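Examining the three-dimensional arrangement
Each chain is listed here by its residues.
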Amino acid sequence: MDLDLVSPATSNDAAVSVIRAKAQLCSALERPRREGLRIGLVPTMGYLHAGHLSLVAEARRRSDACVASIFVNPMQFGANEDLSKYPRDLASDRAALEEAGVEALYLPSAESMYPSGFRTEVTVNGITDGLCGRARPGHFRGVTTVVTKLFNAVKPDVAVFGEKDFQQLAVIRRMTADLDLGVEIVGMPIVREADGVAMSSRNAYLSATERRAARWLSRGLAAARAAYADGVRQADAVLARVREVLASEPLARVDYAELVDADTIQPLDVIDRPTLLALAVFIGRTRLIDNTVLAATSQ
Ligand code: AMP
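Residues numbered from 1 in each chain as written. Predicted model: local features only at pLDDT ≥ 70, side-chain atom pairs only at ≥ 80, totals over all residues. Heavy atoms only, no water.

1. Topic: the packing of helix α9 (residues 215–229) against helix α10 (residues 235–247)
Taken N-terminus to C-terminus, the directions of α9 and α10 make an angle of 150°; their axes are 8 Å apart at the nearest point. In this view, α9 runs roughly antiparallel relative to α10, as classed from their interaxial angle. Judged by the twist between their axes, the crossing of α9 over α10 is right-handed. Side by side, α9 and α10 meet where Trp-216, Leu-217, Arg-219, Gly-220, Ala-223, Ala-224 and Ala-227 of the first sit next to Val-238, Arg-241, Val-242, Val-245 and Leu-246 of the second. (Axes fitted to C-alpha atoms, helices over the stretch in contact; angles between N-to-C directions. Helix = DSSP H or I, 4+ residues; strand = E, 2+ residues; numbered from the N terminus. Parallel < 35°, antiparallel > 145°, perpendicular 65-115°, else oblique. Left-handed = near helix turned anticlockwise from the far one by under 90°. Contact = heavy atoms within 4.5 Å.)

Structure representation (structure tokens):
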């Protein structure tokens, strides 16, 4: 459906409306909301790939008007992280979203998101303690705060996130339930390149040699799945196998490799329930994450 909004960027009916101001977003969504249409949201940091677009396709299936947001959120980056060099390509993202049939692209500025005097943070406890929560202190507070703000701006009925960021998805599910946000949270499987590498905007940082080395993450996951299929249930034994595989690639430096309960994200010793194997690995200076679920209920 078309939104009411006519932005200077909107020259024909099929074009995605590019919306930078929250007030403009609210007025664009007023009519579909009044008509009882379902609004879908896909939050992203841009530099879109097929993984992002799979979320958009699912959001469109589950809604009548689909909003994608692009916001490289300063609050979720640590002081030594890649905020300023995070890859950006608005023209290409916009074309991809137009092609995917998104109605609106919400592009808030950092100043509008965090005006001077901003003092509030949303914190989810427990689930954020381990994995990326430990490796990137403050990261999830940035994520939960910005997702809350995006939910308040768009007021979506449904929001779609990727299992690529499995812990993030668990944190957002917890937050949405705990704070009665009333948004249906949908998780989508990891989309991979043909050689098994999980698609990521950060893959753009990799040299050709590093890109080849990145294949070892999914090989590590495959080794764990093979060990599990062979009957290995001790977490230590599975992780030893994963580390051994990753150790064969000199460019790879493991930040963490852990097995945790897939619901609570707490460490476990024995794989006796759906269990997340989560990896964060530096390939050169680029930190990549990947994961797989062992003992999934559907397995
Ligand atoms: P990002 O732009 O990296 O913040 O990601 C935005 C959303 O896309 C998050 O919900 C991610 O989990 C999801 N996403 C990123 N990469 C992939 C992928 N390879 N497959 C599926 N979803 C992904």
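2. Let's talk about helix α3 (residues 90–100)
Three or more residues of α3 are buried, namely Asp-93, Leu-97 and Ala-100. All buried residues of α3 project into a common sector of 60° when viewed along the axis, lining one side. Exposed and facing more than 90 degrees away from the buried side of α3 are Ala-91 and Glu-99. Elements in contact with the buried residues of α3: α2 (50–61), β3 (65–70) and β4 (104–106). (Buried < 20%, exposed > 50% of the residue type's maximum accessible area, 1.4 Å probe, protein only. Arc of directions from axis to C-beta.)

3. A closer look at the side chain of Thr-275
Examined against the element boundaries, Thr-275 turns out to sit in strand β8 (residues 275–283). There is a polar contact of 2.6 Å between the side chain of Thr-275 and the backbone oxygen of Arg-273. Apart from the residues lying within four places of it in its own chain, the contact partners of Thr-275 are Leu-259, Val-260, Ala-262, Leu-268, Thr-292, Val-293 and Leu-294. (Polar contact = N/O pair within 3.5 Å; in protein donor to acceptor, adjacent residues only side chain to side chain.)

4. Details of the pattern of salt bridges
Going through the model one piece at a time under the given rule, you end up with 17 salt bridges. With a closest N to O distance of 3.8 Å, Glu-35 and Arg-31 form a salt bridge. By relative accessible area, which is 22% here, Arg-31 ends up partly exposed. Its salt-bridge partner being Asp-261, residue Arg-273 comes within 3.3 Å of it at the nearest N-O pair. With a gap of twelve residues between them, Arg-273 in the loop between β7 (252–261) and β8 and Asp-261 in strand β7 connect regions that are remote in the sequence. Via salt bridges that share partners, Arg-38, Glu-58, Arg-61, Arg-62 and Glu-184 belong to a single interconnected network. (Salt bridge = Lys/Arg side-chain N within 4 Å of Asp/Glu carboxyl O.)

5. Concerning the site of the ligand
Taken together, 17 residues sit near the ligand, with His-52, Gly-162, Asp-165, Val-191 and Met-199 positioned nearest. The separation between a nitrogen atom of the ligand and a polar main-chain atom of Val-191 is 2.8 Å. Against a free-state accessible area of 480 Å², the protein chains account for coverage of 93% of the ligand. Within the residue set of the shell around the ligand, elements represented by two or more residues are β2 (39–44), α2 and β5 (158–162). Per element, the largest residue contribution to the shell around the ligand is three residues, and it comes from α2. (Near = heavy atom within 4 Å. Areas by Shrake-Rupley, 256 points an atom, 1.4 Å probe, with all protein chains shown as cover.)

6. Side note on the sheet that holds strand β9 (residues 286–294)
Taking strand neighbours across the sheet as the criterion, the three strands line up as β7-β8-β9 in an open arrangement whose pairing is antiparallel. Since the sheet does not close on itself, it has two edges, and those belong to β7 and β9, each with one partner. For this sheet the average axis-to-axis angle between neighbouring strands, irrespective of direction, equals 15°. The pairing of β8 with β9 spans nine bridges and is antiparallel. Paired with Phe-282 across the two strands is Arg-287, which belongs to β9. (Pairing = 2+ DSSP bridges.)

7. Here we look at the sheet that holds β5
Judged by pairing direction, the sheet is parallel, and its six strands sit side by side in the order β1-β4-β3-β2-β5-β6 without closing on themselves. A strand with exactly one partner marks an edge of an open sheet, and here the two such strands are β1 (17–19) and β6 (184–188). If you compare each strand with its neighbour and ignore which way they point, the axes differ by 25° on average. Bridging between β1 and β4 involves three bridges; their strand directions are parallel. From the neighbouring strand, Ser-17 faces β4, where its bridge partner is Ala-104.

8. A word on the packing of aromatic side chains
Here the distance between the centres and the angle between the planes together describe a pair of aromatic rings. Scanning the model with the defined rule gives four aromatic pairs in all. Between the aromatic rings of Phe-71 and Tyr-114, the centroid separation amounts to 6.3 Å while the plane-to-plane angle is 45°, which identifies the pairing as tilted. A residue pair is termed long-range when its members are at least 10 positions apart, and Phe-71 in the loop between β3 and α3 and Tyr-114 in the loop between α4 (110–113) and α5 (131–135) qualify at 43 residues. When the ring of Tyr-114 is compared with that of Phe-118, the centres are 5.0 Å apart and the planes differ by 80°; the resulting orientation is edge-to-face. Look at Tyr-114 and you get buried, because its relative accessible area is 18%. The exposure class of Phe-118 is partly exposed, given its relative accessible area of 25%. When the ring centre of Tyr-205 is taken as reference, the NZ or CZ atom of Lys-85 above it lies at 4.3 Å. Geometry around Trp-216 places Arg-219 over its ring, the cationic atom sitting 4.6 Å from the centre. (Phe/Tyr/Trp six-rings, centres within 6.5 Å; stacked < 30°, edge-to-face > 60°. Lys NZ or Arg CZ within 6 Å of the ring centre and 35° of its normal.)

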